[in-house]
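If you want the building blocks of each chain, they are given just below.
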Amino acid sequence: RIYSGDGNALVAGSYALGSAGNSAEGPRTACVDFDATFGALEGELEGLLSAKVRVSREPITSPGPGFEYRITFLGAGVRGDVAPLEVLAKGPEGNCTAFRVQDGSSNRTTVLAQVHATTDIDGGYLTPGTAYFVRVSARNR
């Protein structure tokens, strides 16, 4: 989720993501624009994680104007626990573009841009060693 903390719309800025526990010098994405398309973010994450992901993006107005991205890990390359993503750099502190907001008729730099990575569903639904029954059916046409 990326949004402006002062209520003004973001017009510029970027951030970088990496796996939790990595330092700022560890593997991370390139700087991602605040309004990156879902495809652009998918490409960055797939390059970082060596796993297939699906990204969706929707605009948000609360807690501030911005975007919420949902990332789903897909395929056989995703096994076991996937390390959470975290923001490793944002704005100039990580050699990314400073965040700017539209303020009246001009743009100004802001330190109130918020970039948060959270986990909606954290596995734990299946117990290792437990047998599960899965029913699958198909019909030829």
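Going by the structure above, here's the rest.
Residues numbered from 1 in each chain as written. Predicted model: local features only at pLDDT ≥ 70, side-chain atom pairs only at ≥ 80, totals over all residues. Heavy atoms only, no water.

1. Brief notes about unusual backbone geometry
With an omega of 10°, the peptide bond between Ser 62 and Pro 63 qualifies as cis. Within the secondary structure, Pro 63 sits in the loop between β5 (52-60) and β6 (66-74). Phi is positive for Ser 50, which is not a glycine, with a value near 55°. Note that Ser 50 resides in the loop between α1 (38-49) and β5. (Helix = DSSP H or I, 4+ residues; strand = E, 2+ residues; numbered from the N terminus.)

2. Topic: the pairing of β5
Successive side chains on a regular strand alternate, one facing one side of the sheet and the next facing the other. Strand direction decides the pairing type here: β5 and β6, joined by nine bridges, are antiparallel. Bridging across to β6, Ile 60 finds its partner in Gly 66. The turn joining β5 and β6, which pair antiparallel and follow one another in sequence, is formed by five residues. (Pairing = 2+ DSSP bridges.)

3. So, the environment of Gly 64
Take Gly 64: it is sitting in the loop between β5 and β6. Judged by its relative accessible area of 3%, Gly 64 falls in the buried class. Sequence spacing of Gly 64 and Ser 4 is 60 residues, and the spatial spacing of their C-alpha atoms is 5.3 Å. If we skip the residues at most four places from it in the chain, Gly 64 touches Tyr 3 and Ser 4. (Buried < 20%, exposed > 50% of the residue type's maximum accessible area, 1.4 Å probe, protein only. Contact = heavy atoms within 4.5 Å.)

4. Quick notes on the nonpolar core
Side chains that are nonpolar tend, in soluble globular proteins, to be buried together. Ranked by size, the top nonpolar core spans 18 residues in total, and within it Ile 2, Leu 10, Tyr 15, Leu 41, Leu 45, Tyr 69 and Phe 99 carry the most contacts. Only β3 (14-19), α1, β5, β6 and β10 (113-115) provide two or more residues apiece to this core. Not counting residues up to four positions away in its chain, the partners in contact with Ile 2 are Leu 10, Tyr 15, Phe 34, Ile 60, Pro 65, Gly 66, Phe 67, Tyr 69, Phe 99, Gln 114 and Val 115. (Core = buried A, V, L, I, M, F, W, Y, C linked by side-chain atoms within 4.5 Å.)

5. Describing the sheet that holds strand β1 (residues 2-4)
Spatially, four strands are ordered β5-β6-β1-β10 in an open sheet, and the strand pairing comes out antiparallel. Strands at the two margins of the open sheet, each flanked by one partner only, are β5 and β10. The mean inter-strand angle of the sheet, taken between neighbouring strand axes irrespective of direction, is 15°. Strand direction decides the pairing type here: β1 and β10, joined by three bridges, are antiparallel. Bridging across to β10, Ile 2 finds its partner in Val 115. Contacting β5 and β6, α1 crosses the sheet at an angle of about 145° to β5. (Axes fitted to C-alpha atoms, helices over the stretch in contact; angles between N-to-C directions.)

6. Regarding the side chain of Ser 14
Tracing the backbone shows Ser 14 in strand β3. A distance of 2.8 Å separates the side chain of Ser 14 from the backbone nitrogen of Thr 97, its partner in a polar contact. Contacts of Ser 14, omitting those with residues within four sequence positions, involve Cys 31, Val 32, Asp 33, Phe 34, Lys 90, Gly 91, Cys 96, Thr 97 and Phe 99. (Polar contact = N/O pair within 3.5 Å; in protein donor to acceptor, adjacent residues only side chain to side chain.)

7. Section: the state of the cysteines
Throughout the structure, instances matching the rule amount to one disulfide. Shown here is the disulfide that connects Cys 31 with Cys 96, its sulfur atoms set 2.0 Å apart. Judged by the torsion about the S-S bond (-80°), the Cys 31/Cys 96 disulfide is left-handed. Here the residue Cys 31 occupies a position in the loop between β3 and β4 (32-33), and Cys 96 occupies one in the loop between β7 (85-90) and β8 (100-103), the gap between them amounting to 65 residues. Assessed through its relative accessible area of 31%, Cys 31 is described here as partly exposed. Residue Cys 96 is classed as buried on the basis of its relative accessible area, which comes to 8%. (Disulfide = S-S within 2.5 Å.)

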